[in-house]
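Below are the chains, spelled out letter by letter.
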Amino acid sequence: MAVCLKGRSFLTLKDYTPEEIMHLLQLAKELKAKKKSGIRDKLLEGKNVVLIFDKTSTRTRCSFEVACYDEGGNATFLTNSQMASKESIEDTAKVLGRFFDGIEYRGFSQKLVEQLAEYSGVPVWNGLTDEYHPTQILADFLTIMEHSSKPLSEIKFVYVGDARNNMGNSLMIGATKMGMDFVAVAPRELFPSQELVDEMRELSKETGATITLTDDISGVEGADVIYTDVWVSMGEEDQYAQRIKMLEPYRVTMDMMKATKNPDVLFLHCLPSFHDLGTEVARRVKEEYGLDEMEVTDEVFRSRYSVVFDEAENRMHTIKAVMVATLTGK
């Protein structure tokens, strides 16, 4: 049966079947190939989208804007609205739904993006909330498809670090949907919520996925993918001392990559990354805690295993696929 996603919002991968996720990945692959060939189908011609950002962004904003312009659409970047301060989310959503064909939201509250979807009457796309980051997962999976000879259902995906943040949650959901062997290697205090784990283990009975949580680094053995994220998420900047103490043993090093015993293992990171002293944050951490590198060493980040910039580019191609599919039904 053909997949049609026209009119659907994209709030969490929980809402999408494996077939629908694969449809988006295949569409992204097709749109990427066309862009590389200089072909523009103008699939979003006449479409207007608004991009609401309550959190800072590089890849998400640029991906939505370039993807929209590539296909002939128009994008409005909005950071200073009256939403939730002088005007309710419901009223704002109803207004924006009269102006725009689609709405992107990047911020703190998953409830807020769900309210936008409930009241706007147009597709709403989650550019990141504290709970989920679904557009990033599509980019991650497209990157794996490009660099691995295995189908997604045969991938052993190991996430290392803070496994209860939006990336840990979303990767576990996505991996479960696609039937992967998902392993979270993390301090027990930073395991994902038991409620989400139970929900995904129930889903895994349908998809054939496996889910393992361990605080033992040996869990990386056999990995096809090693994935990590920053130790302190946006809004948690007062927790560096605590997180460094818990997560320093989980830094992705070349020894960890070799411990996979897989010469073709891939290293992925959603970025930004504190792999060197090239940022103000990293220099401040160096001054206060004496660290030159945080979640991943510079050696791994720049190694042949690393596909992080292909992954970053794929944010744009997969976001384009989400907009095209939900606005046009392609």
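Being a predicted model, the structure only gives us computed values, none of them experimental.

Undergrad: For this particular structure, what's the right way to read the sheet that holds strand β4 (residues 124–128)?
TA: Hydrogen bonds between backbone atoms are what pair the strands of a sheet, whose relative direction is either parallel or antiparallel. One open sheet holds the four strands; their spatial order is β2-β1-β3-β4, and the pairing between them is parallel. The strands lining the two open edges of the sheet, one partner per strand, are β2 (74–78) and β4. Across the sheet, the mean angle separating the axes of adjacent strands is 20 degrees when strand polarity is ignored. One ladder, built from four bridges, connects strand β3 (residues 102–106) with β4; its direction is parallel. Residue pairing in the sheet places Ile103 in a bridge with Val124 of β4. This element, helix α2 (residues 59–70), spans β1 (48–53), β2, β3 and β4 of the sheet and lies at about 155 degrees to β2. Packed onto the sheet, helix α12 (residues 308–328) meets β1, β3 and β4 and runs at close to 165 degrees relative to β4.

Undergrad: What should I look at first to understand the packing of helix α5 (residues 134–147) against α12 in this one?
TA: Geometrically, a packed helix pair is captured by the angle between its two axes and the distance between the axes. Where α5 contacts α12, the axes come no closer than 8 Å and their chain directions differ by 115 degrees. Between α5 and α12 lies a crossing of right-handed hand. Here Thr135, Gln136, Leu138, Ala139, Asp140, Leu142, Thr143, Glu146 and His147 of α5 lie close against α12, whose contacting residues are Asp310, Glu311, Asn314, Arg315, Thr318, Ile319 and Val322. Of the residues belonging to the contact of α5 with α12, the class tally is five nonpolar, six polar and five charged.

Undergrad: Explain the sheet that holds strand β5 (residues 156–160) to me, please; I cannot follow it from the model alone.
TA: Sheet architecture is open: five strands sit in the order β7-β6-β5-β8-β9, paired in parallel fashion. Both outer strands of the open sheet, β7 (210–214) and β9 (266–269), are each paired with one neighbouring strand and no more. Strand-to-strand twist across the sheet, computed as the mean angle between neighbouring axes with direction ignored, equals 20 degrees. As defined by bridge partners, strand β6 (residues 181–185) adjoins β7 across five bridges and the pair is classed as parallel. Across the sheet, Val185 pairs through a bridge with Thr214, a residue of β7. Together, β5, β8 (225–228) and β9 form the strand contacts of α5, whose direction differs from that of β9 by roughly 160 degrees. Across the face of the sheet, α12 comes into contact with β8 and β9 while running at roughly 50 degrees to β9.

Undergrad: What exactly am I supposed to notice about the packing of helix α8 (residues 240–247) against helix α10 (residues 280–289) here?
TA: At a minimum axis separation of 12 Å, α8 and α10 run at an interaxial angle of 80 degrees. By the angle between their directions, the pair α8 and α10 is classed as roughly perpendicular. Contacts between α8 and α10 involve Tyr240, Ala241 and Ile244 from the first element and Val281, Val285 and Tyr289 from the second. Residue classes in the contact of α8 with α10 are distributed as six nonpolar, no polar and no charged.

Undergrad: Where do I start with the side chain of Asp162 in this structure?
TA: Tracing the chain through its elements places Asp162 in the loop between β5 and α6 (166–177). For Asp162, the side chain forms a polar contact with the side chain of Arg164, separated by 2.5 Å. Not counting the four nearest positions on each side in its chain, Asp162 is found in contact with Leu190, Trp231, Arg243 and Leu247.

Undergrad: How should I be thinking about the pattern of salt bridges in this particular structure?
TA: Side-chain pairing between opposite charges can occur once the charged atoms of the two side chains come close. With the rule as written, the count across this model stands at 24 salt bridges. Salt-bridge contacts for Asp70 lead to Arg40; the nearest nitrogen and oxygen are separated by 3.5 Å. Residue Asp70 is found in helix α2, and its partner Arg40 is found in the loop between α1 (18–36) and β1; the two are separated by 30 residues along the sequence. The exposure class of Arg40 is partly exposed, given its relative accessible area of 34%. Between Arg302 and Asp298 there is a salt bridge, with its nearest N and O atoms 2.9 Å apart. Put simply, Lys35, Arg40, Asp70, Glu71 and Lys320 are held in one network by salt bridges that share partners.

Undergrad: What am I meant to see in α6 here?
TA: Owing to its 3.6 residues per turn, the α-helix aligns residues three or four sequence positions apart on the same side. Compared with the 16 Å implied by 1.5 Å per residue over twelve residues, the 16 Å span of α6 between its first and last C-alpha is a close match. Along α6, twelve of the twelve residues are buried, which leaves the element largely enclosed by surrounding structure. Residues of α6 that are buried: Asn166, Met167, Gly168, Asn169, Ser170, Leu171, Met172, Ile173, Gly174, Ala175, Thr176 and Lys177. The first or second residue beyond α6 is Gly179, which carries a positive phi of 75 degrees.

Undergrad: Would you take a moment to explain the pairing of β6 for this structure?
TA: The two faces of a sheet get side chains in turn, since along a regular strand they alternate between them. Most of β6 is tucked away: four of the five residues are buried. Following the backbone out of β5, through α6 and into the adjacent parallel β6, one traces a crossover that is right-handed.

Parameters at a glance
- Residues numbered from 1 in each chain as written.
- Predicted model: local features only at pLDDT ≥ 70, side-chain atom pairs only at ≥ 80, totals over all residues.
- Heavy atoms only, no water.
- Pairing = 2+ DSSP bridges.
- Helix = DSSP H or I, 4+ residues; strand = E, 2+ residues; numbered from the N terminus.
- Axes fitted to C-alpha atoms, helices over the stretch in contact; angles between N-to-C directions.
- Contact = heavy atoms within 4.5 Å.
- Left-handed = near helix turned anticlockwise from the far one by under 90°.
- Nonpolar A, V, L, I, M, F, W, Y, C, P; charged D, E, K, R; others polar.
- Parallel < 35°, antiparallel > 145°, perpendicular 65-115°, else oblique.
- Polar contact = N/O pair within 3.5 Å; in protein donor to acceptor, adjacent residues only side chain to side chain.
- Salt bridge = Lys/Arg side-chain N within 4 Å of Asp/Glu carboxyl O.
- Buried < 20%, exposed > 50% of the residue type's maximum accessible area, 1.4 Å probe, protein only.
- Expected span 1.5 Å × (residues − 1).
- Right-handed = clockwise from strand over helix to strand, strands pointing away.

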